[in-house]
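Understanding the architecture of this molecule
One-letter residues, chain by chain:
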Amino acid sequence: MPLHAIPLFGTLIYCYINGWVMAWGHQIHYHVEIKEWSAKQSLKFAWKNRGDYSMFGFVAVALELIPIANLVFLWTNVVGAALWTADIILDEQKLLSREDLTDGRAESSSYQAAQRMDGSNKYGSTDN
């Protein structure tokens, strides 16, 4: 590649450019198979979060450029991407459970407010 003709900086630029593509390549299976997104939706999401994708991919591509050790790093990069995906899934589940709790509280408080408007107090009895 012409970028490799520039000592050190060319390799760093190569890792950055190809890192985003590599990270998206690892994540697209999660987006398409688990979240049931189209490839276009996955691409939009990856582009929106290109900072995370570029940094993960930068390190992954750089590690795979190391001779002989790249045989190990091929597998560790896949495992790293899987752990990243698992972390995203856990974060989404936590967010959903918080929203469910918040919705439950909102419904509960609106129910209590409606009861108070009917003349009952906090404990359900009327103040006559």
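Quick caveat, the model's predicted, so the values are computed rather than measured.

How each quantity is defined
- Residues numbered from 1 in each chain as written.
- Predicted model: local features only at pLDDT ≥ 70, side-chain atom pairs only at ≥ 80, totals over all residues.
- Heavy atoms only, no water.
- Helix = DSSP H or I, 4+ residues; strand = E, 2+ residues; numbered from the N terminus.
- Expected span 1.5 Å × (residues − 1).
- Bend = angle between axes of the 7 residues up to and from the residue.
- Buried < 20%, exposed > 50% of the residue type's maximum accessible area, 1.4 Å probe, protein only.
- Core = buried A, V, L, I, M, F, W, Y, C linked by side-chain atoms within 4.5 Å.
- Contact = heavy atoms within 4.5 Å.
- UniProt positions renumbered as here; feature names shortened; annotations may be inferred.
- Salt bridge = Lys/Arg side-chain N within 4 Å of Asp/Glu carboxyl O.
- Phe/Tyr/Trp six-rings, centres within 6.5 Å; stacked < 30°, edge-to-face > 60°.

Notes on helix H1 (residues 9-34)
Helix length check: H1, at 26 residues, gives a terminal C-alpha distance of 38 Å against a target of 38 Å (1.5 Å per residue), a fit within 8%. Approximately 35° is the largest bend angle found in H1, and it occurs at Gln27. Three or more residues of H1 are buried, namely Gly10, Tyr14, Cys15, Gly19, Trp20, Ala23, Trp24, Gln27, Tyr30 and His31. Glu36, located one to two residues past H1, shows a positive phi value of around 60°.

Digging into unusual backbone geometry
Although it is not a glycine, Leu8 adopts a positive phi angle of roughly 60°. For Leu8, a relative accessible area of 58% puts it in the exposed group. You will see that Ile68, though not glycine, has its phi angle at about 65°, which is positive. For Ile68, the location among the structural elements is in the loop between helix H3 (50-64) and helix H4 (70-117).

Notes on the nonpolar core
Most often, soluble globular proteins have nonpolar side chains that are buried together. In terms of nonpolar packing, the biggest core is built from eight residues, these being Trp20, Ala23, Trp24, Tyr30, Ala46, Tyr53, Trp84 and Ile88. Looking at this core, the elements that each hand over two or more residues are H1 and H4. For this core, the leading source of residues is H1, giving four residues. Contacts of Trp84, omitting those with residues within four sequence positions, involve Ala23, Gln27, Asp52, Tyr53 and Phe56.

Topic: the UniProt feature "transmembrane region" (unreviewed entry) in the chain
As recorded in UniProt, the feature "transmembrane region" (unreviewed entry) lies at residues 6-25 and 53-75. Counting secondary structure, residues 6-25 comes out at 85% helix and 0% strand; the distance between its end C-alpha atoms is 27 Å. As annotated, residues 53-75 has a helix share of 78% and a strand share of 0%, and its two end C-alpha atoms lie 18 Å apart.

So, the side chain of Asn77
Along the chain, Asn77 falls in helix H4. Asn77 gets classed as buried once you look at its relative accessible area, which sits at 6%. Sequence-distant contacts of Asn77, defined by excluding residues within four places in its chain, comprise His26, Phe56, Ala60, Leu63 and Glu64.

Here's the deal with the pattern of salt bridges
Following the criterion strictly, the structure yields one salt bridge and no others. Linking Glu92 and Lys35 is a salt bridge whose minimum nitrogen-to-oxygen distance equals 2.7 Å. In this pair, Glu92 is assigned in helix H4 and Lys35 in the loop between H1 and helix H2 (39-48), connecting sequence segments 57 residues apart. Glu92 gets classed as partly exposed once you look at its relative accessible area, which sits at 29%.

As for the packing of aromatic side chains
Enumeration according to the criterion identifies five aromatic pairs in this entry. Grouped by ring-pair contacts, the aromatic residues Trp20, Trp24 and Trp47 constitute a single cluster.

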